[in-house]
Amino acid sequence: MSILLSIPTLGLVAILQSAVVSRLPLNRGVADLMLVVLIAIALQKTVTTSWQWSIVGGLFVDFLSGLPFGIFTVSYLLATGLALILRERIWRFSFLMQLLVVLFGTLFSHAISFLALFLQGGEIPLDTVLQMVTLPSIILNFMLSLPIFILIQDILEQVNPQE
Amino acid sequence: MNIRFPKSLRIIALSLIAIGILALALSGVFTSFSRWIVSPLTSVQTWVSLQYQGVENFVSASQDIREIREQNTALEAENARMQAQIVELQQQLVEFEILSALLEFARANPEHQYIGASVIGRDPSPFLNYIIINRGSDDGLRRGMPVVTQNGLAGRVVQVTATGARVSLITDPVTRINVRVEPSRSAAVLAGSITGDITLEQIPQDDDVNPGNLILTSGLGGNYPANIIVGQITSVRSRENALFQSASVQPVTDFSDLSIVLVITNFEPVDFSPLIPESGTP
């Protein structure tokens, strides 16, 4: 997929993330729409620009977030790396891989965010974070995974009908 | 033999016969006879009439159904338009109520100047309690300006772009605000948390604070103007050996449903950093 296409597409995803998805919390956790979308893209075998899409998506969310700049980009790059490793080694059960990468991607993202806030002086109890933020976020990300994965797969089949 | 009567006599005879028949009919002699004759006629007439009505309905029904369908379509469109209008009016009513309350707040606190802003998003990270508003430096917003709702303090502007700004809410985990408790006037520090709850810390052990006491900004620290209501104490925790008491606070602002806020534009936060001695300075 063209890298130019990533700018409007992921820009829209970032706006949806901030304006809609972030307003629908489960306990204190919220879904990370951008993470789920980037992982679904990275797991498609026809996509060769996953790294670039992750950087663009990460930058968009970093611009919108008050966390130190680069945290989301690093998190998304880690998740994309994991997705690409799994994609090359396991050639079936793509959707199960999506769930697995979403799980680890959310954990990466929250671990880095937690560390950044801890270094900034925030007093955040780890057990509270796991119970009230991370676990609900994982559940919400899992709920988004299936529709997003199917949507991305369908779009790519439309774009590359010969595949 | 053919007997011929005069014409006048025939007329008289026919008249008498007619009168006689009428008299007999009026007296009811023909009733059973007429019933016997009319009943089959009525039945036949009813059957014919029903068949005719059926044919007439069949012919005219297609015209009626078309008209009814057209009316139904028009009514459905009208209904949809009215439903959309109701939703729009309900939204406008909610906005109007919020704006009225904000105006009331602004009138009650005339020492400040305000700019109204809509909440257009929240921080993508669940670790931060930030909102994004649709006013920025083009509208005169600057970093550090306090943000209030019709009920009380909401937070303060931490980042500004030309057309938008990010506001750190008082529930954010890294927020620390100097406040005082009324009526005891005890000084304390308000702290946010990852759970969205806010607590009151560093209340001197001897101070008399109780559930129901009001929390207002003290103005100390220079980050917020004084006397803005923040919340109400719900419970107090005090241990014998501890230096300070702590308390749970119910904020006056409902942070889950923020849609419009006011930014106080005539407040300049005080920067104390030049007064803080650097490490190694005597």
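Scroll up for the structure.
Residues numbered from 1 in each chain as written. Chains lettered and ligands numbered in written order. Predicted model: local features only at pLDDT ≥ 70, side-chain atom pairs only at ≥ 80, totals over all residues. Heavy atoms only, no water.

Q: Tell me about the overall build of chain B, residues and numbers included.
A: Broken down by element type, chain B carries two helices and 12 strands. Across chain B, helices and strands are ordered from the amino to the carboxyl terminus as α-α-β-β-β-β-β-β-β-β-β-β-β-β. Its C-alpha atoms give chain B a radius of gyration of 46 Å, more than 25% over the compact-globule value 19 Å for 282 residues. With the principal axes as the frame, chain B shows a C-alpha extent of 170 × 50 × 35 Å. The burial tally for chain B puts 32% of its 282 residues in the buried class. (Helix = DSSP H or I, 4+ residues; strand = E, 2+ residues; numbered from the N terminus. Rg over C-alpha atoms; globule rule 2.2 N^0.38 Å. Buried < 20%, exposed > 50% of the residue type's maximum accessible area, 1.4 Å probe, protein only.)

Q: Which residues make up the layout of surface pockets, and what values go with them?
A: Residue and element names in this part refer to chain B. Space inside the largest pocket adds up to approximately 720 Å³. Around the largest pocket, the lining is made up of 36 residues, and of these Arg122, Phe255, Ser256, Asp257 and Leu258 lie nearest the centre. Put simply, the parts of the chain that give the lining of the largest pocket at least two residues each are α2 (31-108), β1 (114-122) and β11 (244-251). Sort the elements by how many residues they give to the lining of the largest pocket and α2 lands first, with six residues. Along its surface, the second largest pocket is lined by 18 residues, and Tyr130, Arg143, Arg156, Val158 and Ser168 are the ones closest to its centre. Where the lining of the second largest pocket is concerned, the elements lending two or more residues are β4 (153-160), β5 (165-169) and β6 (176-182). Considering every element that reaches the lining of the second largest pocket, the biggest residue donor is β4, with four residues. Along the lines of polarity and charge, the residues of the lining of the second largest pocket split into eight nonpolar, six polar and four charged. (1 Å grid on protein atoms, 1.4 Å probe; cavity = no way out; pocket = protein on both sides within 12 Å on 5 of 7 lines; lining within 4 Å. Points joined across faces, edges and corners; volume = space filled by probe spheres on them. Nonpolar A, V, L, I, M, F, W, Y, C, P; charged D, E, K, R; others polar.)

Q: Explain the sheet that holds strand β9 (residues 214-217) of chain B to me, using residue names and the numbers behind them.
A: Residue and element names in this part refer to chain B. Strand order in this closed barrel of six strands is β6-β7-β8-β11-β10-β9, and the pairing throughout is antiparallel. Averaged over all adjacent pairs, the angle separating strand axes in this sheet is 40 degrees, with direction ignored. For β6 and strand β7 (residues 186-191), the ladder comprises six bridges, and the chain directions are antiparallel. Of the residues in β7, the one forming a bridge with Asn178 is Val189. (Pairing = 2+ DSSP bridges. Axes fitted to C-alpha atoms, helices over the stretch in contact; angles between N-to-C directions.)

Q: Report on the side chain of Gln44 of chain A, specifying residues and quantitative values.
A: For Gln44 of chain A, the position within the fold is in the loop between α2 (33-42) and α3 (50-64). Overall, Gln44 of chain A belongs to the buried group, its relative accessible area being 7%.

Q: So what about the nonpolar core? Which residues, and what values?
A: Residue and element names in this part refer to chain A. Among the nonpolar cores identified, the biggest contains 45 residues, and Met34 and Val37 are the most heavily contacted of them. Elements with a minimum of two residues in this core: α1 (3-19), α2, α3, α4 (71-89), α5 (94-120) and α6 (126-159). Here this core takes 10 residues from α2, the largest share from any one element. Apart from residues no more than four positions distant in its own chain, Met34 is found in contact with Leu10, Val13, Ala14, Gln17, Gly57, Phe60, Val61 and Tyr76. (Core = buried A, V, L, I, M, F, W, Y, C linked by side-chain atoms within 4.5 Å. Contact = heavy atoms within 4.5 Å.)

Q: Give me the lowdown on the pattern of salt bridges, citing residues and values where you can.
A: All names here are of chain B. Applying the stated rule across the entire model yields four salt bridges over all chains. For Glu182, the salt bridge identified is with Arg180, shortest N-O distance 2.5 Å. Here Arg180 falls in the buried class, since its relative accessible area comes to 13%. Residue Glu182 is joined to Arg185 by a salt bridge in which the shortest nitrogen-to-oxygen separation is 3.1 Å. When salt bridges with common partners are traced through the structure, they connect Arg180, Glu182 and Arg185 into a single cluster. (Salt bridge = Lys/Arg side-chain N within 4 Å of Asp/Glu carboxyl O.)

Q: Can you tell me about unusual backbone geometry, naming the residues and giving the values?
A: Residues and elements named next belong to chain B. Here the residue pair Glu182 and Pro183 is connected by a cis peptide bond, since its omega of 15 degrees sits within 30 degrees of zero. As for its placement among the helices and strands, Pro183 is situated in the loop between β6 and β7. Although it is not a glycine, Arg185 sits at a positive phi angle of roughly 60 degrees. Locating Arg185 in the fold gives a position in the loop between β6 and β7. In this structure, Gln202 is a non-glycine residue whose phi angle is positive, near 60 degrees. Checked against the element boundaries, Gln202 lands in strand β8 (residues 198-204).

Q: Break down the sheet that holds strand β12 (residues 260-264) of chain B for me, citing the residues and quoting the values.
A: Overall, antiparallel pairing links the six strands, which are arranged β1-β2-β5-β4-β3-β12 (chain B) in a closed barrel. Neighbour-to-neighbour, the strand axes of the sheet open up by a mean angle of 45 degrees, direction not taken into account.

Q: Residue-level account of the interface of chain B and chain A, with values.
A: Contact residues are listed per partner, giving 20 residues for chain B and 27 residues for chain A. Carbon and sulfur atoms make up 63% of the area that chain B and chain A hide from each other, which totals about 2,000 Å². Linking chain B with chain A are zero salt bridges, by the criterion used here. Taken together, the links from chain B to chain A amount to 11 residue pairs in polar contact (both at pLDDT 80 or more). Elements represented by at least two residues in the side of chain B that touches chain A include exactly β1 and β2 (130-133) of chain B. Per-element tally for the side of chain B that touches chain A: the top contributor is β1 of chain B, with four residues. For the side of chain B that touches chain A, the per-class residue count stands at 11 nonpolar, five polar and four charged. (Buried area = accessible area lost by both parts, 1.4 Å probe. Polar contact = N/O pair within 3.5 Å; in protein donor to acceptor, adjacent residues only side chain to side chain.)

Q: Can you explain the pairing of β8 of chain B? Please cite residues and give values.
A: Residue and element names in this part refer to chain B. Direction of pairing for β7 relative to β8: antiparallel, over a ladder of three bridges. Of the residues in β8, the one forming a bridge with Val189 is Glu201. In this structure, the hairpin formed by β7 and β8 is closed by a connection of six residues, where Gly196 is found at a positive phi of approximately 90 degrees. The pairing of β8 with β11 spans five bridges and is antiparallel. Across the sheet, Leu200 pairs through a bridge with Ala247, a residue of β11.

Q: I'd like to hear about empty space enclosed by the protein, residue by residue, with values.
A: Left-over empty space is what a probe sized like a water molecule reveals as it rolls over the atoms. In the structure shown here, the tally under the stated rule is one cavity of 30 Å³ or more. As a volume, the largest cavity reaches approximately 50 Å³. Together, Val30, Asp32, Phe72, Thr106, Ser109, His110, Ser137 and Asn141 of chain A together with Pro124 and Pro126 of chain B line the largest cavity. Going through the elements one at a time, α5 and α6 of chain A are the ones with two or more residues in the lining of the largest cavity. Broken down by element, the residue count for the lining of the largest cavity peaks at three residues, all from α5 of chain A. Looking at the lining of the largest cavity residue by residue, the class counts come to four nonpolar, five polar and one charged.

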